[in-house]
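Descriptive analysis of the structure
Chain by chain, the residues:
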Amino acid sequence: MAVPFQEAKPGIHMRENPKPGTPGYRMGFAPEVKWYDRAKVHTIEPEVCVPAGCYRDVLVIDETADSEPGAHQYKYYARGVGDIKIGWGGDDLSREVLELVKIVNLDEQRLEEVRREVLDLESRAYRISKNVYAKTEPMIRP
């Protein structure tokens, strides 16, 4: 009997030194749920504004999936912030659009609480999903 996600493989969220024209890459592989997303750098926008503010030199990643030919999800990445916007193109039926509306910086005490919560969640995952997590290394606290 096959174990769900046994064939799943990690991929790349973003390449080091991303720039337009570099080869595309697989973001991950999970045949159990038909997830075969690919990505490539689409462009660098000089400025992108969202409710949380305006950002310069925004990297735009074009994500596609083998199961949805012609559909594109564009993720807008601002250095030092992360994803600030998600848009779509082509035949993307989901037409998902997200925008960063607020940035909240945690103080050291709250950051420590969140770190503990994350490590607790990971510990639980190792206990209840041994077949999934058994082949991965635990997180290392920064």
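So, how was this worked out
- Along each chain, residue indices are assigned from 1 in the same order as the chain's sequence is written.
- The predicted origin of the model limits local features to residues at a pLDDT of at least 70 and limits the giving and counting of side-chain atom pairs to 80 or more, whereas totals for whole chains, interfaces and linings rest on all residues.
- Working from all heavy atoms in the structure, the side-chain values ignore hydrogens and water.
- Cavity means a closed set of points on a 1 Å grid over the protein atoms alone, one where a 1.4 Å probe fits but cannot get out, pocket means an open set with protein on both sides within 12 Å along at least 5 of 7 lines, and lining means a residue has an atom within 4 Å of a point.
- Grid points are joined across faces, edges and corners, and a volume is the space filled by probe spheres set on the points.
- Three residue categories are used. Nonpolar comprises Ala, Val, Leu, Ile, Met, Phe, Trp, Tyr, Cys and Pro, charged comprises Asp, Glu, Lys and Arg, and polar comprises the others, including Gly.
- We call Phe, Tyr and Trp rings a pair once their centres come within 6.5 Å, taking the six-membered ring for Trp, and we label the pair stacked below 30 degrees between planes, edge-to-face above 60, and tilted otherwise.
- Partly exposed residues are those whose accessible area sits between 20% and 50% of the maximum for their type, while under 20% is buried and over 50% is exposed, using a 1.4 Å probe and protein chains only.
- As a reminder, the over-ring test applies to NZ of lysine and CZ of arginine, requiring each to be within 6 Å of the ring centre and within 35 degrees of the ring normal.
- Put simply, DSSP marks the helices as runs of H or I at least four residues long and the strands as runs of E at least two long, and each gets a number from the N terminus on.
- Expected helix span is given by 1.5 Å per residue-to-residue step, counting one fewer step than there are residues.
- We call two N or O atoms a polar contact when they sit within 3.5 Å, provided that within protein one can donate a hydrogen and the other can accept it, with sequence-adjacent residues counted only if both atoms are side-chain atoms.

Quick word on the layout of surface pockets
- Here the second largest pocket defines a volume of roughly 230 Å³.
- Around the second largest pocket, the lining residues are Met14, Asn17, Pro18, Ile44, Asp57, Val58, Leu59, Tyr77 and Arg79.
- Each residue belonging to the lining of the second largest pocket can be placed in one class, and the counts come to 6 nonpolar, 1 polar and 2 charged.

Quick notes on the packing of aromatic side chains
- Evaluated as defined, the whole model comprises 1 aromatic pair.
- Centre to centre, the rings of Phe29 and Tyr36 are 5.5 Å apart; their planes meet at 55°, and the pair counts as tilted.
- Of the residues examined, Phe29 reaches a relative accessible area of 29% and is grouped as partly exposed.
- The lysine or arginine in question, Lys85, covers the ring of Tyr76, its NZ or CZ lying 5.0 Å from the ring centre.

A look at empty space enclosed by the protein
- Evaluation of the coordinates by the stated rule reveals 1 cavity of 30 Å³ or more.
- Along its surface, the largest cavity is lined by His13, Met14, Met27, Ile61, Glu63, Lys75 and Asp83.
- Of the residues that constitute the lining of the largest cavity, the class distribution is 3 nonpolar, 1 polar and 3 charged.

Here's the deal with helix α1 (residues 108-128)
- Compared with an ideal rise of 1.5 Å per residue, which puts 21 residues at 30 Å, α1 spans 30 Å between its outermost C-alpha atoms and is within 8% of the ideal.
- Its side-chain oxygen at 3.2 Å from the backbone nitrogen of Gln109, Asp107 defines the N-terminal cap of α1.

Examining the environment of Glu68
- Counting through the fold element by element, Glu68 comes out in the loop between β5 (53-65) and β6 (71-78).
- Assessed through its relative accessible area of 42%, Glu68 is described here as partly exposed.
- Each C-alpha atom of the pair Glu68 and Ala39 lies 13 Å from the other, and the pair is 29 residues apart in sequence.

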